[in-house]
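# Chain and residue survey
What follows is each chain in one-letter form.
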Amino acid sequence: MWQASGHVENFHDPMVDCLNCQKRFRADDIDMEKGCPHCGKNSWTDVRQFNMMFKTHLGATAGHGSTAYLHPETAQAIFINFKNVMSSNRVKIPFGIAQIGKAFRNEITPKQFLFRMREFEQMEMEWFCTEETSNDFFKEWCNIRLEFYTKIGINPDKIRLRAHEKTELSHYSSQTSDVEYEYPFGWKELEGIAHRGAFDLTQHSKHSGKDLSLF
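Residues numbered from 1 in each chain as written. Predicted model: local features only at pLDDT ≥ 70, side-chain atom pairs only at ≥ 80, totals over all residues. Heavy atoms only, no water.

### Some details on the packing of aromatic side chains
A complete count under the given rule lists 10 aromatic pairs for this structure. Clustering of aromatic rings is evident, with ring pairs tying together Phe79, Phe82, Phe95 and Phe128. (Phe/Tyr/Trp six-rings, centres within 6.5 Å; stacked < 30°, edge-to-face > 60°.)

So, in structure tokens, the structure goes:
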């Protein structure tokens, strides 16, 4: 499943080490031109990609074919069960599937309360619609999610919707916007709204040999 979803190959964060104090940082979390946040020296290793998947082995011994991964997101379970959910609930597109579950990430530098954890609860919803209506639904969901925080009483001056730059986009996304909150330590993501297209269903159809397309 994680090969098909692209996580094994693409689920990376940029990592850098300080050559002076040996501290490790996410390269996109710091200003490398200002020097190391810990010792102040400006002496870095090259930025390299760090895979955030939690890798383990099944069985008594580690051998060929025993590799497994703790899931870094809960959405893939939605995609592989898409046809089952649709038939058992007798729904037609457009419709959404929402769930909550555990997620695990081999975080480089755990910190900042809930934002850098190796084990956490994650809520996700995937919205299924036709390609022709997808951009309109993406804009609609961005507005709905932004309005949600105001409705529950959060100061709207502390909330913003930030569109990702092309260089930030995940391997599965054609456009993504984050709902961010201004904390004492800066703006941080509360949730992300991503236009995944048909990437996931297409990939799982290709790798499993099971047709997930609809007429």
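Next comes the rest of the description.
### Remarks on the pattern of salt bridges
Taken as a whole and assessed by the stated rule, the structure comprises 11 salt bridges. Linked through salt bridges whose partners overlap, the residues forming this network are Arg160, Arg162, Glu168, Asp178 and Glu180. (Salt bridge = Lys/Arg side-chain N within 4 Å of Asp/Glu carboxyl O.)

### Looking at unusual backbone geometry
Ile93 connects to Pro94 through a cis peptide bond whose omega is 5°. Residue placement: Pro94 occurs in the loop between α4 (82-89) and β6 (95-104). The residue Arg90 is not glycine, and still its phi comes out positive at about 55°. Of note, Arg90 is situated in the loop between α4 and β6. The exposure class assigned to Arg90 is exposed, which follows from its relative accessible area of 78%. (Helix = DSSP H or I, 4+ residues; strand = E, 2+ residues; numbered from the N terminus. Buried < 20%, exposed > 50% of the residue type's maximum accessible area, 1.4 Å probe, protein only.)

### Notes on the sheet that holds strand β10 (residues 186-195)
Strand-to-strand pairing in sheets goes through backbone hydrogen bonds, with the strands running parallel or antiparallel. Overall, antiparallel pairing links the 3 strands, which are arranged β8-β9-β10 in an open sheet. Of all the strands in the sheet, just β8 (159-163) and β10 have a single pairing partner and so form its edges. Each strand of the sheet is rotated relative to its neighbour by a mean of 25°, with strand direction disregarded. Summarising the sheet, β8 and strand β9 (residues 175-183) pair through 5 bridges and their orientation is antiparallel. (Pairing = 2+ DSSP bridges. Axes fitted to C-alpha atoms, helices over the stretch in contact; angles between N-to-C directions.)

### Quick word on the environment of Lys166
Here Lys166 shows up in the loop between β8 and β9. Linking Lys166 and Thr176, residues 10 residues apart in sequence, is a C-alpha distance of 9.3 Å.

### Notes on the side chain of Ser173
Note on placement: Ser173 falls in the loop between β8 and β9. Polar side-chain contacts of Ser173 include one of 3.0 Å to the backbone oxygen of Gln175. Residues within four places of Ser173 in sequence aside, it is in contact with Ala194 and His195. (Polar contact = N/O pair within 3.5 Å; in protein donor to acceptor, adjacent residues only side chain to side chain. Contact = heavy atoms within 4.5 Å.)

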